[in-house]
Amino acid sequence: MAITDILSAKDIESALSSCQADDSFNYKSFFSTVGLSSKTPDQIKKVFGILDQDKSGFIEEEELQLFLKNFSSSARVLTSAETKAFLAAGDTDGDGKIGVEALTWLFLVS
């Protein structure tokens, strides 16, 4: 499954263009622009499956750093500060990773 099966290419392009510069990624505005905040829990689980590159059932820091690349291979890597802020927002239990429930919550409250 491709991310474009769930999100529109136009929304993805718009969201990526808003965070091209280092340290310009804001997960709330990105989720809203790309349309993740309006998806159903089932659609969010499908997106989670794409983001969870190693299929561990969690999104770890290394996977978060490559978050934008899941939307376009030409997108940039998140900076260390962006990655840590994103992880802090979604890591509800302090284990250094984000599960599907926490990611769903992040998408929907954005």
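Refer to the structure presented above.
Bear in mind the structure is a predicted one, so any value in this text is a computation, not a measurement.

Counting 32 residues, the largest nonpolar core has Phe30, Phe67, Leu68 and Phe71 as the members making the most contacts within it. Where this core is concerned, the elements lending two or more residues are helix H1 (9–17), helix H2 (27–34), helix H3 (41–51), helix H5 (80–90) and helix H6 (100–109). Look past the residues within four positions of Phe71 in its chain and what remains in contact with it is Ile3, Leu7, Ile12, Leu16, Phe30, Val34 and Leu36.

Our next topic: the packing of H3 against H6. Between H3 and H6, the least distance of the axes is 10 Å, while the angle of their chain directions is 115°. In the packing of H3 onto H6, the handedness of the crossing is right-handed. Across the interface between the two elements, Ile44, Lys45, Val47, Phe48 and Leu51 of H3 pack against Val100, Leu103, Thr104, Phe107 and Leu108 of H6. When its residues are assigned to classes, the contact of H3 with H6 shows 8 nonpolar, 1 polar and 1 charged.

Throughout the structure, instances matching the rule amount to 4 salt bridges. Arg76 is the partner of Asp22 in a salt bridge, and the nearest nitrogen-oxygen pair spans 3.8 Å. Here the residue Asp22 occupies a position in the loop between H1 and H2, and Arg76 occupies one in the loop between helix H4 (61–65) and H5, the gap between them amounting to 54 residues. Classification of Asp22 by relative accessible area gives exposed; the value is 55%. With its nearest N and O atoms 3.6 Å apart, the salt bridge here joins Lys46 to Asp42. Of the two residues, Lys46 and Asp42 are both situated in helix H3; the distance of 4 residues between them amounts to about one turn of the helix.

Next up on the list: the packing of H5 against H6. One can describe the packing of H5 onto H6 by two numbers: an axis separation of 9 Å at closest approach and a directional angle of 105°. It follows from the interaxial angle that H5 and H6 lie roughly perpendicular. Where H5 approaches H6, its residues Phe86, Ala89 and Gly90 are matched on the opposing element by Ala102, Trp105 and Leu106. Across the contact of H5 with H6, the residue classes tally to 5 nonpolar, 1 polar and no charged.

With that out of the way, let us pick up H1. Within H1, the full set of buried residues consists of Ile12, Ala15 and Leu16. Projection of H1 onto a plane perpendicular to its axis shows the buried side chains occupying an angular sector of 95°, all on one side. Away from its buried face by more than 90 degrees, H1 exposes Lys10 and Glu13. Where H1 is buried, its residues touch H2.

With that settled, consider unusual backbone geometry. Leaving glycine aside, a negative phi is the common case for residues, and trans is the common case for peptide bonds. Although it is not a glycine, Asp23 sits at a positive phi angle of roughly 65°. Mapping Asp23 onto the fold places it in the loop between H1 and H2. A relative accessible area of 52% places Asp23 in the exposed class. Non-glycine residue Lys55 carries a positive phi angle of around 55°. Locating Lys55 in the fold gives a position in the loop between H3 and strand E1 (59–60). For Lys55, a relative accessible area of 57% puts it in the exposed group.

Rules used throughout
Residues numbered from 1 in each chain as written. Predicted model: local features only at pLDDT ≥ 70, side-chain atom pairs only at ≥ 80, totals over all residues. Heavy atoms only, no water. Core = buried A, V, L, I, M, F, W, Y, C linked by side-chain atoms within 4.5 Å. Buried < 20%, exposed > 50% of the residue type's maximum accessible area, 1.4 Å probe, protein only. Helix = DSSP H or I, 4+ residues; strand = E, 2+ residues; numbered from the N terminus. Contact = heavy atoms within 4.5 Å. Axes fitted to C-alpha atoms, helices over the stretch in contact; angles between N-to-C directions. Left-handed = near helix turned anticlockwise from the far one by under 90°. Nonpolar A, V, L, I, M, F, W, Y, C, P; charged D, E, K, R; others polar. Salt bridge = Lys/Arg side-chain N within 4 Å of Asp/Glu carboxyl O. Parallel < 35°, antiparallel > 145°, perpendicular 65-115°, else oblique. Arc of directions from axis to C-beta.

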